[in-house]
Amino acid sequence: MNTPLQHPLHIACIMDGNGRWARRRGLPRTEGHTAGEEALAEVVRTAARLKTIGWLTVFGFSTENWVRPRTEVRHILSLHRKLFARTEEMNSNNAQTRWIGRPFSEKGARTPVYVQKAIKKAIADTSHNSGMAVTVAFDYGSRAELLRASQLAMKQGAVTAQSIQNNLYDPTLPAVDVLVRTSGETRISNFMLWQIKGCAVYFTERTWPDFNAHELQEAVTVLTGRSH
Ligand code: IPE
Ligand code: IPE
Ligand code: MG
């Protein structure tokens, strides 16, 4: 059945499989993360061109990922600094950079200052763009987000679905239409548990560095039943 698309779509991606991509090529895991960042750049370019996608949210680094080996974490952090510095590209895509994660000043938050600065600069330098919003989840975990939202809602006097929504890291993020997870895993891994309530899912065997424009379009077809 062909269902016309009603609104700018929100696609959320759990970018998994960087390590496996590297291992299959006999490369260090860090190379997989570097290749993953390039794949993300292509996905952003394609999504910006498609016009049907208004929101793209990607899982860059989770609250659970800090236990990874120090060298790997350091590499992922510096890749995020680079990712947030891609301002020219974001401007040419007319896309805003946004971020969700544990607020920097909150107890337990772990985003280092140099990444905080890159995030703030990226948001400021792309806020004038009127096209797609690209949100990077960094030091993000859905349980932390929902605990904080519930506590704030309680302080404000009423815990309701609306008051929790209003206290999410980015209350303006609409409901997710399609959740993508690469690399053959079918876990949600603490990603956007509130926002994915009624979403469609697209799981693929392909590792994230091999995810491309064509497959992004495939993911959108789970909503429309259309093939490109
Ligand atoms: C996803 O790839 C990137 C992050 C979680 C930061 P992985 O690093 O999880 O790759 P696999 O799952 O080990 O293949
Ligand atoms: C989820 O991937 C987190 C990100 C993509 C940033 P993981 O590879 O960390 O998830 P698990 O550990 O397999 O659930
Ligand atoms: Mg993984």
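Further up the page is the structure itself.
Presented here is an overview of the structure given in this document. Fair warning: this is a prediction, and the values are worked out from it, not measured in the lab.

Bringing the pattern of salt bridges into the picture now. Following the criterion strictly, the structure yields 16 salt bridges and no others. Here arginine 86 and glutamate 89 are joined by a salt bridge, their closest N and O atoms 3.2 Å apart. The partner of aspartate 139 in a salt bridge is arginine 102, with the nearest N and O atoms 2.7 Å apart. In this pair, aspartate 139 is assigned in strand β4 (residues 133-140) and arginine 102 in the loop between β3 (96-100) and α5 (113-126), connecting sequence segments 37 residues apart. Taken individually, aspartate 139 and arginine 102 each receive the classification buried, so the pair is uniform in this respect. A single salt-bridge network, built from bridges that share partners, covers Asp16, Arg20, Arg181, Glu185 and Arg187.

Attention now moves to the site of ligand 1. All residues in the neighbourhood of ligand 1 are listed as Met15, Asp16, Gly17, Asn18, Gly19, Arg20, Arg29, His33, Gly60, Asn65, Arg68 and Ile76. Glycine 17 is positioned with one of its backbone polar atoms (N or O) 3.3 Å from an oxygen atom of ligand 1. At 2.9 Å, a backbone N or O of glycine 19 approaches an oxygen atom of ligand 1. Considering ligand 1 on its own, with 380 Å² of exposed area, one finds that the protein chains cover 85% of that surface. Of all the elements in the fold, those that place two or more residues in the shell around ligand 1 are α1 (18-24) and α2 (29-50). Considering each element in turn, the shell around ligand 1 owes the most residues, three residues, to α1. Looking at the shell around ligand 1 residue by residue, the classes come out as two nonpolar, six polar and four charged.

This part covers the site of ligand 2. Close contacts around ligand 2 come from Ile14, Met15, Asp16, Phe59, Gly60, Phe61, Asn65, Arg68, Arg181, Arg187 and Ser189, and that covers them all. At 3.1 Å, a side-chain N or O of aspartate 16 approaches an oxygen atom of ligand 2. A distance of 3.3 Å separates an oxygen atom of ligand 2 from a polar atom in the side chain of arginine 181. Burial of ligand 2 by the protein chains amounts to 77% of its free accessible area of 390 Å². It is strand β2 (residues 53-62) that contributes the most residues to the shell around ligand 2, three residues altogether.

Here is what the cut-offs are and how they apply
Residues numbered from 1 in each chain as written. Chains lettered and ligands numbered in written order. Predicted model: local features only at pLDDT ≥ 70, side-chain atom pairs only at ≥ 80, totals over all residues. Heavy atoms only, no water. Salt bridge = Lys/Arg side-chain N within 4 Å of Asp/Glu carboxyl O. Helix = DSSP H or I, 4+ residues; strand = E, 2+ residues; numbered from the N terminus. Buried < 20%, exposed > 50% of the residue type's maximum accessible area, 1.4 Å probe, protein only. Near = heavy atom within 4 Å. Polar contact = N/O pair within 3.5 Å; in protein donor to acceptor, adjacent residues only side chain to side chain. Areas by Shrake-Rupley, 256 points an atom, 1.4 Å probe, with all protein chains shown as cover. Nonpolar A, V, L, I, M, F, W, Y, C, P; charged D, E, K, R; others polar.

Read these as layout, nothing more, since geometry by itself doesn't imply function.
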